[in-house]
Amino acid sequence: MLPSGQGLLCVTADQEFLFYSPIESHEGRFQLNLDKRLVGYNEEIVDMRFVGVEGQFLAVATSVRVYDLGSMSCSYVLAGHTDNVLCLDTCITSSGRTLIVTGSKDNTVPIVC
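Numbering of residues starts from 1 in every chain and runs along the sequence as written. For a predicted model such as this one, the threshold for reporting local features is a pLDDT of at least 70, and the threshold for listing and counting side-chain atom pairs is 80 or more; totals across whole chains, interfaces and linings nevertheless cover every residue. Calculation of side-chain values draws on the structure's entire complement of heavy atoms; hydrogens and water are dropped beforehand.

Caption draft 1: Just the packing of aromatic side chains, in detail. Paired rings are identified among Phe, Tyr and Trp, the last through its six-membered ring, by centres lying within 6.5 Å, and are further divided according to the angle between planes into stacked (under 30 degrees), edge-to-face (over 60) and tilted (the rest). Within the structure shown, the criterion is met by 2 aromatic pairs. Summarising the aromatic geometry, the rings of Phe-17 and Tyr-67 are spaced 6.3 Å apart at their centres and angled 45° between planes, so their arrangement reads as tilted. Residue Phe-17 is located in strand β2 (residues 17–24), and its partner Tyr-67 is located in strand β6 (residues 64–68); the two are separated by 50 residues in the primary sequence. A relative accessible area of 9% means that Tyr-67 is categorised as buried. Each ring, one from Phe-57 and one from Tyr-76, has its centre 6.3 Å from the other, and the planes form 55°; the classification is tilted. Of the two residues, Phe-57 is situated in strand β5 (residues 57–61) and Tyr-76 in strand β7 (residues 73–78); the sequence distance between them amounts to 19 residues. Here a strand is any run of E in DSSP of at least two residues, a helix any run of H or I of at least four, and the numbering for each starts at the N terminus. The cut-offs for exposure are 20% and 50% of the maximum accessible area for each residue type, with area from a 1.4 Å probe on protein chains only; residues under the lower value are buried, those over the upper are exposed, and the others partly exposed.

Caption draft 2: Broad picture of the nonpolar core. Counting 11 residues, the largest nonpolar core consists of Leu-2, Leu-9, Phe-17, Phe-19, Leu-38, Tyr-41, Leu-58, Val-60, Tyr-67, Leu-69 and Met-72. Counting only elements with at least two residues in this core, the list comes to β2 and β5. In this structure Leu-58 touches Leu-9, Phe-17, Met-48, Arg-49, Phe-50, Arg-65, Val-66, Tyr-67 and Leu-69, once residues within four positions along its chain are discounted. Judged by nonpolar contacts, the second largest core, of 9 residues, contains Phe-57, Ala-59, Val-66 and Leu-88. Nonpolar cores are built from buried Ala, Val, Leu, Ile, Met, Phe, Trp, Tyr and Cys residues. Side-chain atoms within 4.5 Å join them into one set. Only heavy atoms matter for contacts: two residues are in contact if any of them lie within 4.5 Å across the pair.

Caption draft 3: Focus on the pairing of β5. Within β5, 5 of the 5 residues are buried, which leaves the element mostly enclosed by the surrounding structure. On β5, burial covers both faces: Phe-57, Ala-59 and Ala-61 on one face and Leu-58 and Val-60 on the other are all buried. Strand direction decides the pairing type here: β5 and β6, joined by 4 bridges, are antiparallel. Considered in β6, the bridge of Phe-57 is made with Asp-68. At least two bridges found by DSSP between two strands are what make those strands a pair. Once β5 ends, the chain turns through 2 residues before running back antiparallel as β6.

If you want it as structure tokens, here you go:
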């Protein structure tokens with residue numbers, strides 16, 4: 001699910017990100033409408049998290065890239081690991097800073113602000 005119940009994010013086997021939003025038909029049924037598609041991600045997707053107070057970014061792991069969901073462009077590429085990233089998580093500190101924590105096969109756990 002997208003933040004704030006805005007829709008649904010699906011990832012395909014060929015690493016496409018598909019963003020759907022629900023639309024109510026005249027009969028009162030809901031159907032999913034494809035709003036956006038992000039193609040060109042060439043690595044296996046092992047984990048992803050929404051980032052930011054309103055979830056306006058998406059962090060994706062094998063190598064960590066952060067995408068702006070508004071423009072569908074890669075905003076950041078996080079460095080620091082020497083092997084594949086297996087997991088990531090995010091949180092917002094009491095001062096309002098967003099943290100991204102990643103775990104990798106290189107046995108390190110960097111925290112990115």
